[in-house]
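Close look at the chain arrangement
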Amino acid sequence: MTPEQRALQDEARKIARSELAGKAAHWDATGEVPWENIRVLAANGYMGLVLPEEHGGSGANLLDLVIVLEELAWACVSTSLYVFSANAQGNRIVQLGTDDQRKRYVPRIAAGDFLASHAMSEPGAGSDARQLRTRAERRGDEYVVNGDKCWISRGAVADLFLVNVSFREEGKKGLLLVERGTDGLEIGKVEPLMGHRGSPSTELHFKDCRVPLNQRMSDGDLGSSLMSMSFSRCCNAAMALGAAQRAFEDAVDYIQTREAYSKPLADLQGLRWMVADMKVKLEAARLLIHRAAASAASGFPSESQAAVAKTFANEAALQVISDAMQLMGANGYSREYPIERLYRDARGFAIAGGTTQIQRNLIARSVLGRRVHAQG
Ligand SMILES: Cc1cc2nc3c(=O)[nH]c(=O)nc-3n(C[C@H](O)[C@H](O)[C@H](O)COP(=O)(O)OP(=O)(O)OC[C@H]3O[C@@H](n4cnc5c(N)ncnc54)[C@H](O)[C@@H]3O)c2cc1C
């Protein structure tokens, strides 16, 4: 990290610990949206961190963003997801949208008063995005959209959806920008997820939803859309890491004060080695995330580096948090301590943004090339 990045990290750490940590359990327990946190983070410029200065952002890079997200997730994963989303969806519009779309949406997203979500998954199309069935049919100067989406993070509160659709006449897939309140867009039920509860996911239903032609993103084909996921995957990995780092620190404090056999637990060799293994996983995950994020000089990072970082960080986070729970005994398993919440939040990261199996497919493809079916 450069001296500027260390300063950015210190500042994010201070805000996360003073403003976000105290009410993390509240947002988790109630499923309420942490608006007060979103306002503080917006006022401090985090919502538009990587967005261009000409569109109201701070012009920072993806490495800066993952450093910040780790600190925010340390304190409150639900809140960190809003900063992730503003930067990731804003960046998608910058990279894949038209000039007009950039001007209309990016400044508002950067200001933090206009939330955007990505709507790709459908009841019949998760990992296999090619199966998506939401279709857009051109009628005059509009597209008429029909179909259903599910698991859409922050669907309950987003002002704008970046929706993957299939353009009926062309047989091509692409991205449409659909504003909340558009006729024919219905926000469905809130998904009862085990974690990420302050960032509620919903279904979306499109019933003859009419969207002006100029809401089509200029470069939103399925290939570019999937490529843009690499950016989200670095962020996803950084937030999983933040949760794991928090669990690690809590467990390290705990075993230094709790005594058994007339000495602190931290004196037991078996537990000392667990701590060492946890530390190795955290540091390796951090380096992989930083390497992947740094590969995004502009635009999106390397697909295979992001997949390596996400796979390792998602799994390392779960192991570290599970070990932290073990180190804290029944207290680790109790809802009176944050560890169980961190575990539930971290678990979602291994599924969202492309499962760890899908990441392994991408990594294998980068090593072996595409799979060729034997003939005959
Ligand atoms: C917390 C959370 C937030 C989410 N937010 C969003 C969002 O904002 N927008 C959005 O569009 N979606 C979102 N999703 C949905 C997410 O993208 C999908 O859940 C994910 O892509 C997996 O799809 P699926 O659940 O349909 O599982 P499936 O695709 O049905 O997979 C089931 C299992 O099969 C495995 N599998 C599938 N294909 C392969 C393969 N080729 N090789 C090996 N194994 C395979 C998977 O890894 C998984 O273990 C979110 C999900 C979660 C949990």
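Preceding block: the structure.
A brief report on the enclosed structure follows.

Digging into the pairing of strand 2 (residues 135-139)
Relative to strand 3 (residues 142-153), strand 2 is paired through five bridges, and the arrangement is antiparallel. Along strand 3, the bridge assignment pairs arginine 139 with glutamate 142. The turn linking strand 2 back onto strand 3 is made up of two residues, and glycine 140 within it adopts a positive phi angle of 65°. Sheet analysis places strand 2 next to strand 4 (residues 160-167), joined by two bridges and oriented parallel. Considered in strand 4, the bridge of arginine 135 is made with serine 166.

Quick notes on the pairing of strand 4
For a regular strand, side-chain orientation follows a simple rule: the groups alternate between the two sheet faces. Most of strand 4 is tucked away: eight of the eight residues are buried. Burial of the side chains of strand 4 extends over both faces: Leu160, Leu162, Asn164 and Ser166 are buried on one face and Phe161, Val163, Val165 and Phe167 on the other. Of the pairings in the sheet, the one linking strand 1 (residues 116-119) to strand 4 comprises four bridges and is parallel in character. What sits directly across from serine 117, in strand 4, is phenylalanine 161. Two strands pair when backbone bridges link them, and strand 4 and strand 5 (residues 172-179) are joined in this way by eight bridges, in the antiparallel orientation.

Quick notes on the packing of aromatic side chains
One pass over the structure, following the stated rule, counts two aromatic pairs. Seen in terms of ring centroids, tyrosine 105 and phenylalanine 114 are 5.9 Å apart; in terms of plane orientation they differ by 20°. Their pairing is stacked. Judged by centre distance (5.0 Å) and plane angle (55°), the ring pair of tyrosine 143 and phenylalanine 167 falls under tilted. With tyrosine 143 in strand 3 and phenylalanine 167 in strand 4, this pair connects stretches of sequence that are 24 residues apart. By relative accessible area, which is 6% here, tyrosine 143 ends up buried. With a relative accessible area of 0%, phenylalanine 167 lands in the buried category.

Conventions and cut-offs
Residues numbered from 1 in each chain as written. Predicted model: local features only at pLDDT ≥ 70, side-chain atom pairs only at ≥ 80, totals over all residues. Heavy atoms only, no water. Pairing = 2+ DSSP bridges. Helix = DSSP H or I, 4+ residues; strand = E, 2+ residues; numbered from the N terminus. Buried < 20%, exposed > 50% of the residue type's maximum accessible area, 1.4 Å probe, protein only. Phe/Tyr/Trp six-rings, centres within 6.5 Å; stacked < 30°, edge-to-face > 60°.

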